[in-house]
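Fold and geometry: a report
Next come the chains, spelled out residue by residue.
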Amino acid sequence: MFVCIVAFGSDPQIPLVLGCTVAGIIALVIGYSWDEMLEGMIEGITQSLEAILILLLIGVLVGVWIASGTVPTMIYYGLMVINDKFFLAASMAICGLVAFVIGSWGTVGTIGIALMGIGIALGVDAPLVAGSVISGAYLGEIISPLSDATNLTAAVVGRSVFDVVKRALVPTLVATAVALVAYLVIGLASNSAGDVTSGTGPLLENIAGTFNVSPVTLLPMLVMVVCIAVKVPAIPSMLFGAIVGALVAVFAQGVPVGDLVFIATEGFVSNSGYEMLDSLLTAGGMLSMMNTISIIIIAMAFGGLMKSTGQMEALIRPLVARLHSFGPLNATTSGMCIVSNLILPDQYLGISVPGQMFSDEYDKRAIDRTYLSTGLLGGGAVTSPLIPWNTCGIYCMSILGVGALAYAPYAFFDIAMVVVTVVWGFFVAHKVKAEAPFVAKEAASEASLARDEEQRAFNETIDHIAEQEAASSSAS
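Residues numbered from 1 in each chain as written. Predicted model: local features only at pLDDT ≥ 70, side-chain atom pairs only at ≥ 80, totals over all residues. Heavy atoms only, no water.

1. Thoughts on the overall build of the protein chain
Counting its regular elements, the protein chain contains 25 helices and zero strands. Computed over C-alpha atoms, the radius of gyration of the protein chain comes to 24 Å, within 12% of the 23 Å expected from 2.2 N^0.38 for 476 residues, which places it in the range of a compact globule. C-alpha atoms of the protein chain, sized along the principal axes, occupy 85 × 60 × 45 Å. Scored against the burial criterion, the 476 residues of the protein chain give a buried share of 52%. (Helix = DSSP H or I, 4+ residues; strand = E, 2+ residues; numbered from the N terminus. Rg over C-alpha atoms; globule rule 2.2 N^0.38 Å. Buried < 20%, exposed > 50% of the residue type's maximum accessible area, 1.4 Å probe, protein only.)

2. Comments concerning unusual backbone geometry
In this model, A366 sits at a positive phi of 55 degrees, which is unusual for a non-glycine residue. The topology assignment puts A366 in the loop between helix 20 (347-364) and helix 21 (369-381).

3. Regarding the environment of Y348
Along the chain, Y348 falls in helix 20. With relative accessibility at 13%, the residue Y348 sits in the buried group. When the C-alpha positions of Y348 and T150 are compared, they lie 10 Å apart, and in sequence the two are 198 residues distant. Those residues in contact with Y348 that lie beyond four places of it in its chain are D148, L152, T292 and I295. (Contact = heavy atoms within 4.5 Å.)

4. A short note on the state of the cysteines
One pass over the full model with this rule turns up zero disulfides. Unpaired in this structure, C396 has its nearest cysteine sulfur neighbour in C392, at a distance of 6.4 Å. For C396, a relative accessible area of 0% translates into the label buried. (Disulfide = S-S within 2.5 Å.)

Right under this line is the structure:
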């Protein structure tokens, strides 16, 4: 997989298929049948079905929220607060807001470019600006229930995306505070001087000229926040957010209902005539998620095959045999994510492969899998853009025009998140240990319910066969 991705610039799908092929050959050699391998792959894919449905809704949500003016309004208000002394901190915050909705790559490739131009015009060093953009983009990536990373992580650990985000909240907030303070200190100590409005003015003017910018357009976001607060499941929450967004698009922006159907499917296409804005806001749509979904399906099949044939256990056992508490286990999880990003090298694989490697170990120790998800995000999601040969690093370098090794020391959030995640694991180790009996009891209860359901289905099948045989006997 490393050779295909680095040497040939391949997307992860075909390397994953090749990985499945090699794993399948090994499984055949050690005595597993095709049916056993297929069952393992199907089980792995089944685990990701909720995440796949959520990703499809995210595509709809993003397109509709752009049409409703929700995303443009967030960008507009964010750009309004920029000044030279607080530029780096504001750059991170704005990128975090935008990435919350459209993801890290879309943020880097749109508003990130604009911020690079503004920062350089202010006299800020390009690696510093790039570091703040990367920090904000990957802050949004790991804290948003709409992002690919959090939904992939939720699929891997088999938990709700809201539970995954909630568990990661404390270390993320700490890392965010560290990064913002660092950017504020650098900004206040700098002697940069320049006109911020010369960089933001045209973008603000075109947003205001294309959309009706007002607090009303933030209503869909408010609905999502309320749904999360009252613990509405992810799929209904996103559906409500999309419906409210559609209503705002119709009544506040004057978008025809028929156009919304196209936007939900194909995505929003901006035709303002201003290239930066059109690039930024041409996004979303259910079909835009198909590439991500294909990666998740194949990655989960690969993990399911490795787990069901014992190859995952053989890889992880030497790593965890001497780890007796959650702190070292969490640190090892994050470390394996970084190693995966280095050698595989792709963010999806940096999350999915270690996640599937360690999931059974967390179950054996009665550790809730949301703790696993924080280790995956804190090690796998945030380090991918810092590695020059990782797909995320390659993309960010090519878009921002700054080498990964140049901006990496200034991506304060990404660096802080790794450190905070590891330290956090040692701080919560006693809490994890205290929760273990309750987690074990809950797991036993779920297993009992699953067995009862299987028995009920089996009995229904037997009864159905008996009824068919009785009907056949009566007919004859």
